[in-house]
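Structural overview
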Amino acid sequence: FGIIVDGAIVVTETILRRREELPEAPLTRTDVLEMTSHVAQPMFFATLIIILAYCPLFAFQRAEGKLFTPMAWTVGYALFGALLCSLTLIPGLAYVALRKPRKIFHNKPLIWLTERYRAALVHLIARPWIAIVASAVVLAAVVGLGASAGREFLPELDEGSLWLQVDMPSGISLDKANEMASEVRRAMLEFPEVKHVVTQLGRNDSGTDPWTPSHIEAPVGLHPYETWPDRESKAELVKRVSARLEKIPGISFGISQPIIDGVNDAVGGAHSPLVLRVYGFDLAEDRRIAEQVVDLLKQVRGTASASVFQAPPIPQLVVKVNREAAARYGINVADIANLVQNGVGGAPVISVYVEDRVYSVGVRFPAEYKANPEVLGRMVLRSSTGATIPLSLVAEIKLQSGQSTISHELNERQITVRIDNRDRDLASYLEEAQARIDKEVKFDPQKHRLEWAGQFENQRRAQERLTVILGVVLLAMGTVLFLQFGKMRQTLLILGVVPLATLGGLIAIHVTGETLNVATAVGFIALFGVSVQNAIIMVSNFRRVRGQGLPLDETVTHAAAERLRPVLMTATVASIGMLPAALATGVGTDVQRGLATVVVGGLIVSTLLTLFVLPSLFYSIEHLCERRGWDQQDRRGR
């Protein structure tokens, strides 16, 4: 990252400035030590502030913790090493490179820019209301843009492949299911971007999913993106695949990716980023509510697919024993159960031994008989007197619709609605969906209840935890700044840069279509650290020049002009360092792109605020304190 070399830039620029002031005189070791001492303390505290800014990353848990905690360790150690290098190695190298007198290179564009900057500062200092109004406008813009930005847990991570979940009609035969699976494969292979597709009917070999043969899971391999025709995006491919699969009659489907599909299943239990569970003992009413929710969600913008996760009811054979009739004939209920189990269920009746192997032999009626209650009623039982009694005399046999699966959670029956949203952030989608369901779906709240689950639970958990930790870290930053400056007003002035610096990052999010998520939150943390670092360096230079006895207005303009070059250099280097990540595309770039976008966009606005608004506010606050007589302390050395 560019922030790693910021300390070296500041130290080198400070020593270079002494070389430029005395071009004909040799640069002594005393000069190098003196100039380094001017920035050593600000650089130490600025680096400490940046390290503190990354501390919230250590509070992350689960998926976000695995993604960003290594980054926090890496940045922390790198910044510590960079600080040591800046305060030890860089002064020595600068002394070796600059100690001899030499002709000084004059950067005419920078000289012109510095003169214009001085003139602008004089104008702003004479009119402090401009900086105050600008700060108020920036804060209002931050609130507005922050409220309108989309929110989600993590950006969609591109895995370079697709994963299909396809549901077919319940009770479908294996032959027909295999035929429809072949049709799905043929449809997918029509796309030149698809490398291969494999379909799996029913449950997996480990039996961890209760799928029936009416369900298909299909991993879809893709060719490298650079070989795709017309350079279309993966999102565009998913839209075309969805349109093609919708033409296959009798199926409902969801399109995801292999890894995130497993994560969604572990989080929400339905292989989708968002699920709605309907709890209640009456499964028929649960399903009615769930199906009404599905119909409603299909009208909500951003719904890619919505369906009931559990398979619908299927035809079932019901044998209800007439115990009084069975008792009259002297027939045990167990005999009736064994008869049905053997004839319909195909239970084993004997075992056959072949060498050291044992094989079970079962008896099963032909398929055309098992589904015919009249035929089944002719099966005979032996009464206690040895008479043969038809099954229909002691039991009622009929076909009726019944649940194919009954799902429970904490001993409560539940029906799950699986939801895939696309082209819309999860937070705003969930807000609209909840509002419409609460308004339009009617049910008895005493007997049924709705509960949302999925990735948004991780989002809320991470957001709540991050909010608390950020508050603690800001308090720690304030303590460190107060220890350095000893004045609460200057501490608050520097911390005030944090919300103002947010504007550039929020603008970048809106322009690029990113969302507020864990990755962009880390970007804001990095942005805050760099912004506070530049503010510390600027305010420290104000205090140092003020200690030389200059009037306050001259102090601000002179000290700010001195810091113009290092502030521009540190911001530029940090932005350039993040630019490749902000522009990266392809597999594995989704997290770093959001993070870098916030830093690059935020530093543009943050640098302008540091150079123009911060000096004007510093002058206004110090001038007010001087007029009121609040600051009569000795300023020597500041």
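Residues numbered from 1 in each chain as written. Predicted model: local features only at pLDDT ≥ 70, side-chain atom pairs only at ≥ 80, totals over all residues. Heavy atoms only, no water.

Moving on, we come to the packing of helix α15 (residues 455–485) against helix α18 (residues 518–546). Running from N to C, α15 and α18 cross one another at 10°; their axes reach a closest spacing of 13 Å. The orientation of α15 relative to α18 falls into the category roughly parallel. Residue-level contacts link A462, L466, L470, L481, Q484 and F485 of α15 to V518, A521, I525, I536, V539, S540 and R543 of α18. Each residue belonging to the contact of α15 with α18 can be placed in one class, and the counts come to ten nonpolar, two polar and one charged. (Axes fitted to C-alpha atoms, helices over the stretch in contact; angles between N-to-C directions. Helix = DSSP H or I, 4+ residues; strand = E, 2+ residues; numbered from the N terminus. Parallel < 35°, antiparallel > 145°, perpendicular 65-115°, else oblique. Contact = heavy atoms within 4.5 Å. Nonpolar A, V, L, I, M, F, W, Y, C, P; charged D, E, K, R; others polar.)

Interaxial distance between helix α2 (residues 29–53) and α15 falls to 10 Å at its minimum, and their mutual angle equals 170°. Judged on the interaxial angle alone, α15 and α2 are roughly antiparallel. Where α2 abuts α15, its residues Q41, P42, F45, L48, I49, L52 and A53 lie against V473, A476, M477, V480, L481 and Q484. A breakdown of the residues in the contact of α2 with α15 according to their chemical character gives eleven nonpolar, two polar and no charged.

Here F482 shows up in helix α15. It is 9.0 Å that separates the C-alpha atoms of F482 and L492, two residues lying ten residues apart in sequence. The contacts of F482, once residues within four sequence positions are left out, are K487, M488 and T491.

Here the focus is the UniProt feature "transmembrane region" (unreviewed entry) in the protein. If you check UniProt for "transmembrane region" (unreviewed entry), the listed places come out as residues 43–63, 75–98, 119–147, 466–485, 492–512, 518–539, 567–588 and 594–619 in our numbering. In residues 466–485, the share of helix is 100% and the share of strand is 0%. The end C-alpha atoms are 28 Å apart. Summarising residues 492–512: 95% helix, 0% strand, and an end-to-end C-alpha distance of 32 Å. (UniProt positions renumbered as here; feature names shortened; annotations may be inferred.)

Glancing now at unusual backbone geometry. Positive phi outside glycine occurs at E355, with the angle close to 55°. By secondary structure assignment, the location of E355 is in the loop between β9 (348–354) and β10 (357–362).

What follows is about the nonpolar core. Grouped together as the largest cluster of nonpolar side chains are 84 residues, with contacts concentrated most on L57 and F68. Residues lining this core come from more than one domain, with at least three contributed by each of domain 1 (1–105) and domain 2 (108–148 + 487–637). Contacts of F68, omitting those with residues within four sequence positions, involve L57, F60, L154, V518, A519, V522, V591 and L595. Core analysis: the second largest hydrophobic core is formed by 27 residues, I172, A177, V184 and L237 among them. (Core = buried A, V, L, I, M, F, W, Y, C linked by side-chain atoms within 4.5 Å. Buried < 20%, exposed > 50% of the residue type's maximum accessible area, 1.4 Å probe, protein only. Domains from an automatic or database assignment.)

Below, the discussion takes up the packing of aromatic side chains. Within the structure shown, the criterion is met by five aromatic pairs. Seen from their ring centres, Y225 and W228 are 4.8 Å apart, and the 70° between their planes marks the pair as edge-to-face. Taking relative accessible area as the criterion, Y225 reaches 21% and is therefore assigned partly exposed. For W228, a relative accessible area of 4% translates into the label buried. Over the ring of F281 we find R413, and its NZ or CZ is 4.4 Å from the ring centre. (Phe/Tyr/Trp six-rings, centres within 6.5 Å; stacked < 30°, edge-to-face > 60°. Lys NZ or Arg CZ within 6 Å of the ring centre and 35° of its normal.)

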